[in-house]
Amino acid sequence: MELILIFSISAAALLFAGVLIRQVLSRSTGTDQMRAISDAIKEGAEAFLTRQNRTIAYLAVALASLLFILYGFVREHNAADPVGSSITLAVWTTVSFAFGALSSAVSGYVGMWVAIRTNIRTAAAATRSLNDALQTALRGGAVSGFFVVSLSLLGVAGLFALIQSLNIVTSVTKIPLLIAGYGFGASFVALFAQLGGGIYTKAADVGADLVGKVEAGIPEDDPRNPAVIADLVGDNVGDCAGRGADLFESTAAENIGAMILAASFYTANQTAFEQRGLSLLGILLFPLVVGAFGLIASMAGVIAVRTGDNKNPMDALNLGYYVTCIGVAVGFFIASRWLIGSEYYFNFFLCGLIGILTSLVFVYITQYYTEYRYRPVLSIVEAAKTGPATNIISGIAVGFECTAYPALAISAALISSYYLGLASGLQHAGLFGIAVATMGMLGTVAYILAMDNFGPITDNAGGIVEMSEQPDEVRVKTDKLDAVGNTTKALTKGYAVGSAALAAFLLFSAYIDELANYGLRLESVNINKPEVFIGGLLGAMLVFLFSSFAIRAVSKAAQAVIAEVRRQFAPLARDKEGNIIFTADFKPDYRTCVDIVTTSALRQMVVPGVLVVAAPVAVGIMFKVIYNWGGRLSTGATGAEVVAGFLMVGTIAGVLMALFLNNAGGAWDNAKKYIETEPRDKAANTGKGSDKHKAAVVGDTVGDPFKDTAGPSLHVLIKLLATITLVLAPLFI
């Protein structure tokens, strides 16, 4: 019954996504000039993603082969393994990894494919009405959300059903351990997709802004800027494809981690559940059922969005989000009462509500630190009056400050859901309560991803309107949507890092549970042991080193773009203020800039990505060897315990660093946008072209790789560390 429900709702969500695609693609594509610009964006985005996926595929095949060799031939079979032979374990781990990687790549590609066809239709819709443009952009963005969640549910449930039907395991409680590779594969692809797309989008953006706005004195999205098409392409490959893969692996990893904990939860309370007629399958599939109900809620949220020409589009998007949250809460009530039973359900229903409320809290905290209506961004605007240095100092201060409230929110969610679980009177219920809270936070993910993709779609639409020289009233509408899109992109980053924090703790708990399954019961991770302390130190170090590599990659790629744009501008004369005088026959070479950024981004993403995959494996195996070589000293730590320290401290450092990078970057960006809304007056140092504006552009340029490359990539890193250790835990014991 549960599997039928999951498959049915997931299939219905894919059908709904198909209807949205048909609705969006049936709309007008505007003028020939608009289509020419859109075609250039499509060509660049599809070329980049094809080349990126080819690179990722080579790396994934190599890693899948290594997994098969390690499990099938290097590691000895253990009686606690979920299946009876090493080869069978190797086959299913490898198949799960490959299937997760493929599903993640497909979900990201589909989202971007629709987005690059929605942007021109949003631009054309803006010539008619704001509501038409709003609904076009949101529904085009929603396709990615429904594909991501549906494919995640179908992948996990499909593997579960297949293994169950083949009778490969002695107990269905072992199945989640056998398919943990699915989450690993999804995380692996997501890291490279987010990192490569993030490097691309920010290298193009930085190059376009510094030479275009600051040096040449031309507006954003000016068709005379050779890097402008690369910039618009970057919005799609970074924000659409990258974020789609990011949230796909969030849902996949969370579902598998929650199922591992659900198996322990059922086993610890088997007698109580059997007496009340509650099935093992119902408890195991509870996370997937909740995710399926979240799809229904997100459909209602998307349908509810509409606005008027004189209204704030953000209010309409917020209404859709509230409708989705209410729908997820109702779904939680039904699922928990049905599958956990009328005697125990209420505490876990409350845990789900805590997760939903935590997502709302993260949205509002992010809004406070990144919108220019509030003190943090206004303080950066004020600091820009005295130049780039004070602007950057103020932005860094805001970034450090913004870690406090989210840390408190995460702490409150963890402790309250843990104690609510304990208060149910069931054994092993505290950790399961945290798992349920994580489900609650991820229940709205389909709608959240729709809002996230809304941002790059409206940004592209504004660029198409600007470059095709549409009337001012059309640009006013797309500017309004673009401003909202900048907010939604920032809000979804806050949501993503919050859900990553809860999911990482959930996966850490699943890792401890898996170790217990293999006979290593870690009641605590003893940081007082030197080996564990070193593991924690290395985990935190990895976060900082990875961030450095990601930001440096943007700098290197941007330098190449800047050099190319300067080369194209070199023959042109300049006026007394240094602004370029464009001749009528000047034609920018967009293709060269696109090719430069593509090549550089793909080259720069490999080293930091491989570093993240290799580090926890190297730490676990090295300290396992040291432990065994030391004669299993009574004070020593096994490789598995050292990896636990690595994972725990790395997760904490990663969450805080991601918050800093995301919100500092978003605050700098909106400080610049606020100054651009001021009346242009050089004497008063306000508006575009003023010294204050130039200082803000520099701050925004510093923040670009923070918020769109390193920060979002850290969301994935946090969960990838957890899924790697979950899959490879048997190798560290």
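Details of the structure are given in the entry above.
Now for a look at the structure at hand. The structure displayed is predicted, hence computed values, not measured ones.

### A closer look at the overall build of the protein
So, point 1. Secondary structure summary: the protein contains 22 helices and 2 strands in total.
So, point 2. In terms of overall dimensions, the protein is globule-like: its C-alpha atoms have a radius of gyration of 25 Å, near the 27 Å expected for 733 residues.
So, point 3. Taken along its principal axes, the extent of the C-alpha atoms in the protein is 80 × 55 × 45 Å.
So, point 4. Counting over 733 residues, the protein shows a buried share of 65%.
So, point 5. Restricting the contact set of the protein to residue pairs at least 6 apart, pairs at least 24 apart contribute 84%.
So, point 6. As presented, the protein carries roughly 24700 Å² of accessible surface, and 63% of it is formed by carbon and sulfur atoms.
So, point 7. In the protein, 50 positive and 54 negative side-chain charges are present, and the distance between their average locations comes to 1 Å.

### Observations regarding the packing of helix α7 (residues 228-268) against helix α16 (residues 429-442)
Helix-helix packing is characterised by the crossing angle of the two axes and by the distance between the axes.
So, point 1. Remark: α7 packs on α16, axes separated minimally by 10 Å, with the N-to-C direction vectors making an angle of 155 degrees. The orientation of α7 with respect to α16, classified from their angle, is roughly antiparallel. Where α7 crosses over α16, the handedness of that crossing is left-handed. Contacts between α7 and α16 involve S250, E254, A258, L261, A262 and F265 from the former and A429, L431, F432, A435, T438, M439 and L442 from the latter.
So, point 2. Taken together, the residues of the contact of α7 with α16 break down into 10 nonpolar, 2 polar and 1 charged.

### Some words on the pattern of salt bridges
So, point 1. Counted by the stated rule, this structure contains 26 salt bridges.
So, point 2. With a shortest N-O distance of 2.8 Å, K202 and D205 are connected by a salt bridge. On the criterion of helical spacing, the pair formed by K202 and D205 is a turn pair, its members being 3 residues apart in helix α6 (residues 180-216). With respect to burial, K202 and D205 carry one shared label: buried.
So, point 3. Here D479 ties to R475 by a salt bridge, and the two come within 2.8 Å at their closest N and O atoms. With D479 and R475 both in helix α18 (residues 472-517) and 4 residues apart, the pair spans about one turn of that helix.
So, point 4. On the accessibility criterion, D479 (35% relative accessible area) is partly exposed.

### Looking at the nonpolar core
So, point 1. Core analysis: the biggest nonpolar cluster contains 266 residues, and F146, F286, Y511 and F569 have the highest contact counts within it.
So, point 2. The leading source of residues in this core is α7, at 22 residues.
So, point 3. Excluding residues within four positions of it along the chain, F569 makes contact with V211, A216, I218, R224, N225, P226, I580, F582 and F586.

### Examining the environment of N663
So, point 1. Within the secondary structure layout, N663 lies in helix α21 (residues 639-677).
So, point 2. Accessibility expressed as a relative area gives 3% for N663, which makes it buried.
So, point 3. With residues near it in sequence (within four places) discarded, N663 still touches T366, Y369, T370 and C402.

### Some points on a positive patch on the surface
So, point 1. Taken together, the side chains of R680, K682, K688 and K694 make up a positively charged region of the molecular surface.
So, point 2. Among the residues examined, K694 registers a relative accessible area of 37% and is labelled partly exposed.

### What about the layout of surface pockets?
So, point 1. A volume near 800 Å³ is recorded for the second largest pocket.
So, point 2. Lining the second largest pocket are 28 residues, with S264, H428, I512, D513 and A516 positioned closest to its centre.
So, point 3. When contributions to the lining of the second largest pocket are tallied by element, the ones reaching two or more residues are α7, α15 (404-423), α16 and α18.
So, point 4. The biggest single contributor to the lining of the second largest pocket is α18, with 8 residues.
So, point 5. When the residues that make up the lining of the second largest pocket are grouped by side-chain class, the tally is 15 nonpolar, 8 polar and 5 charged.

### Some points on the packing of aromatic side chains
So, point 1. In total, this model carries 30 aromatic pairs according to the counting rule given.
So, point 2. With a centroid separation of 5.2 Å and an interplanar angle of 65 degrees, the aromatic rings of F97 and F184 are classed as edge-to-face. Of this pair, F97 sits in helix α3 (residues 86-125) while F184 sits in helix α6, and the two are 87 residues apart along the sequence. Of the two residues examined, F97 and F184, each falls in the buried class.
So, point 3. Relative to Y374, the ring of Y368 lies with its centre 5.6 Å away and its plane at 45 degrees, an arrangement referred to as tilted.
So, point 4. With relative accessibility at 27%, the residue Y368 sits in the partly exposed group.
So, point 5. For Y374, a relative accessible area of 27% gives the class partly exposed.
So, point 6. Aromatic rings pair up to connect F265, Y266, F273, F286, F332, Y344, F348 and F432 into one cluster.

Cut-offs and rules
Residues numbered from 1 in each chain as written. Predicted model: local features only at pLDDT ≥ 70, side-chain atom pairs only at ≥ 80, totals over all residues. Heavy atoms only, no water. Helix = DSSP H or I, 4+ residues; strand = E, 2+ residues; numbered from the N terminus. Rg over C-alpha atoms; globule rule 2.2 N^0.38 Å. Buried < 20%, exposed > 50% of the residue type's maximum accessible area, 1.4 Å probe, protein only. Contact = heavy atoms within 4.5 Å. Areas by Shrake-Rupley, 256 points an atom, 1.4 Å probe, with all protein chains shown as cover. Lys, Arg positive; Asp, Glu negative; His and termini not counted. Charge placed at Lys NZ, Arg CZ, Asp CG, Glu CD. Axes fitted to C-alpha atoms, helices over the stretch in contact; angles between N-to-C directions. Parallel < 35°, antiparallel > 145°, perpendicular 65-115°, else oblique. Left-handed = near helix turned anticlockwise from the far one by under 90°. Nonpolar A, V, L, I, M, F, W, Y, C, P; charged D, E, K, R; others polar. Salt bridge = Lys/Arg side-chain N within 4 Å of Asp/Glu carboxyl O. Core = buried A, V, L, I, M, F, W, Y, C linked by side-chain atoms within 4.5 Å. Patch = residues over 30% accessible without salt bridge, like charges linked within 9 Å, V, L, I, M, F, W, Y side chains within 5 Å. 1 Å grid on protein atoms, 1.4 Å probe; cavity = no way out; pocket = protein on both sides within 12 Å on 5 of 7 lines; lining within 4 Å. Points joined across faces, edges and corners; volume = space filled by probe spheres on them. Phe/Tyr/Trp six-rings, centres within 6.5 Å; stacked < 30°, edge-to-face > 60°.

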